[in-house]
Amino acid sequence: MNINDKDARVKYIRALERFLGSCVSALKNENFDFGLFVKRAEKGLKTLQKVDPIRLDSTYTNGLQNYANLVSNSIVNLEGIDIEETHKRLLKEANLLEKEKYRGSYKKEKHKAQGFSDGY
């Protein structure tokens, strides 16, 4: 993998993360407005389309791609959808993605006091 591949990869992942952040801030807004969310998501998707897609390997980055596709599909077919249900689903998926991102950093050792005993 040469430098240009790495740059393109980082650029693509960064664009996906920016898109996720934009969606999350709109979804978590107390005065959630679906119309406003759709506009923001469309703007984010246009920005994403400017960046060349790269093959991603980790579960987190694949999740980012899948989330972008989910949002895209959710805002394309607006007829006959349950806005409340769509809002819940998009928020849940975004939360799961954030959980996946930080999965390794929150490990807490349980039962420290009952740790290793060498018999003395």
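Note: the structure precedes this text.
Counting of residues starts from 1 at the beginning of each chain's written sequence and follows it residue by residue. Per-residue local features are limited, in this predicted model, to residues with pLDDT of at least 70; the limit for side-chain atom pairs, both in listing and counting, is 80 or more; totals at the level of whole chains, interfaces and linings are taken over all residues. Note: side-chain values were computed over all heavy atoms of the structure, leaving out hydrogens and water.

A. Up close: the side chain of Thr86. Relative to the helices and strands, Thr86 is located in helix α4 (residues 83-101). Note on contacts: a residue pair qualifies if any of its non-hydrogen atoms lie within 4.5 Å across the two residues. Excluding anything up to four places from it in sequence, Thr86 contacts Phe34, Ser74 and Ile81. By definition, any uninterrupted DSSP run of H or I lasting at least four residues is a helix, any uninterrupted run of E lasting at least two residues is a strand, and each is numbered from the N terminus.

B. Molecular detail of the packing of helix α2 (residues 34-50) against helix α3 (residues 59-76). All axes are obtained by fitting lines to C-alpha atoms, using only the stretch in contact for helices, and the reported angles, taken between N-to-C directions, cover 0 to 180 degrees. Packing of α2 against α3 brings their axes to within 10 Å, and their N-to-C directions diverge by 130 degrees. With respect to α3, the element α2 is oriented oblique. By crossing handedness, the relation of α2 to α3 is classed as left-handed. For the pair α2 and α3, contact is made by Phe37, Val38, Ala41, Glu42, Leu45 and Leu48 and by Ala68, Val71, Ser72 and Ile75, respectively. When the residues that make up the contact of α2 with α3 are grouped by side-chain class, the tally is 8 nonpolar, 1 polar and 1 charged. Oblique is the label for every angle not falling under 35 degrees (roughly parallel), over 145 degrees (roughly antiparallel), or within 65 to 115 degrees (roughly perpendicular). For any pair of crossing helices, the crossing counts as left-handed if the nearer helix is rotated counterclockwise from the farther one by less than a right angle, and right-handed if it is rotated clockwise. Under this grouping Gly is polar, as are all residues other than the nonpolar Ala, Val, Leu, Ile, Met, Phe, Trp, Tyr, Cys and Pro and the charged Asp, Glu, Lys and Arg.

C. The arrangement of the packing of aromatic side chains in detail. Side-chain rings of Phe, Tyr and Trp (the six-membered ring for Trp) are treated as a pair once their centres are within 6.5 Å; stacked means planes under 30 degrees apart, edge-to-face means over 60, and tilted covers the remaining angles. All chains considered together, the criterion is met by 3 aromatic pairs. Look at Phe32 and Phe34: their rings are 6.2 Å apart centre to centre, the planes differ by 70 degrees, and that puts the pair in the edge-to-face class. Buried, partly exposed and exposed residues are distinguished by accessible area as a fraction of the type maximum, computed with a 1.4 Å probe on protein chains only: under 20%, between the cut-offs, and over 50%, respectively. For Phe34, a relative accessible area of 10% translates into the label buried. Taken together, the ring pairs in this structure connect Phe32, Phe34 and Phe37 into an aromatic cluster.

D. Just the nonpolar core, in detail. In this text, buried Ala, Val, Leu, Ile, Met, Phe, Trp, Tyr and Cys residues form a nonpolar core when linked through side-chain atoms within 4.5 Å. Ranked by internal contacts, the top residues of the largest apolar core, which has 29 residues, are Phe37, Leu48, Tyr67 and Val71. The set of elements that each furnish at least two residues to this core consists of α1 (3-27), α2, α3 and α4. The leading source of residues in this core is α1, at 10 residues.

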